[in-house]
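A closer look at the structure
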Amino acid sequence: MEIENYDTPLENENNEPYSDPSKVVRPKSLEELIQELHKIFAHEKVNVDYVQRLMTLYISNKREWKKYAKSDPHRYTRNLVDEGNGKFNLMLLCWGEAHGSSIHSHANSHCFLKVLDGKVREELYDWPSESSTTEMKPRAINEYETPCCTYINDNLGLHRIENPSHSDPAVTLHLYSPPFSECDSFDQRTGHKQKCKVTFWSKFGQRTPFGKRGTCQEAQQYAENN
Ligand SMILES: [Fe+2]
């Protein structure tokens with residue numbers, strides 16, 4: 001499968017389906033959104049703008065996604081919604097008040113982030129040099145709220161996501177293609193990176209058994225979300 005570069009959307013000369021973002025039809029429900037995503041990612045080429053438009057058009061309905069929205073008071077959670085036939089992972093992230101991620105990369109995958117509830121703040125960073133020992137400073141800061149869907153990949157840089165609110169939670173819907181289980185996490189003070197495993201707090205609405213989330217304290221400590 002090939003995903004078209006964000007900057008060079010696929011031309012629609014051959015009338016290929018799912019290639020013209022202006023022809024996206026609003027999905028009527030989360031279920032319909034997932035069905036459409038399955039159809040899109042079954043194709044050899046996937047147009048980033050098309051997927052972003054489709055996810056933007058979905059009108060967030062808490063009744064449809066609340067069964068996946070399993071939160072934790074201490075940190076944000078990743079909750080698997082759909083495995084996309086092996087082509088993508090779709091997941092709900094629940095951000096408690098002031099919860100945030102580390103600065104992280106996306107393992108050469110494509111990352112779509114749609115806000116379902118509340119607001120999130122994104123700090124964008126350039127990749128530090130391998131020998132960096134200096135503090136990483138964001139090159140841009142963005143705030144997103146529903147129905148917005150943003151996109152990032154490793155060529156566009158690194159980012160950190162947080163819920164800036166100290167009174168309200170936030171919920172986001174993420175699509176990663178291809179799926180990945182490990183990414184780089186960066187120390188903001190030095191630019192040093194380390195590999196970190198990404199884990200699921202729940203899958204398909206069911207809390208993930210403890211033993212499957214990590215087998216040792218270290219794994220738990222370094223398990224990072226993205
Ligand atoms: Fe991310």
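Look above for the structure.
Bear in mind that the values here come from a model prediction, so they are computed numbers and not experimental data. (Residues numbered from 1 in each chain as written. Predicted model: local features only at pLDDT ≥ 70, side-chain atom pairs only at ≥ 80, totals over all residues.)

1. Considering the pairing of strand β7 (residues 119-125)
We count it as follows: Think of it this way: DSSP has to see at least two bridges between two strands before they count as a pair. Per the convention used, a helix needs a DSSP run of H or I reaching at least four residues, while a strand needs a run of E reaching at least two, with both numbered from the N terminus.
Across 6 bridges, the pairing between β7 and strand β8 (residues 140-145) is antiparallel. Bridge pairing links Arg121 to Glu143 in β8. Both β7 and strand β10 (residues 158-162) contribute to a ladder of 5 bridges, which runs antiparallel. Directly across from Leu124, in β10, lies its bridge partner His159.

2. Quick notes on unusual backbone geometry
Put simply, the rule reads: With C-beta atoms placed from the backbone, a residue is labelled by how many other C-beta atoms lie within 10 Å of its own: buried for 20 or more, exposed for 12 or fewer, partly exposed between the two.
Here the amide bond leading from Thr146 into Pro147 is cis, since omega sits at 15 degrees, within 30 degrees of zero. Residue placement: Pro147 occurs in the loop between β8 and β9 (149-152). The omega torsion across Ser177 and Pro178 is -10 degrees, close enough to zero to call that bond cis. With respect to the secondary-structure elements, Pro178 resides in the loop between β11 (170-177) and β12 (182-186). Phi is positive for Asn85, which is not a glycine, with a value near 55 degrees. Residue classification places Asn85 among the exposed positions, given that 10 C-beta atoms sit within 10 Å.

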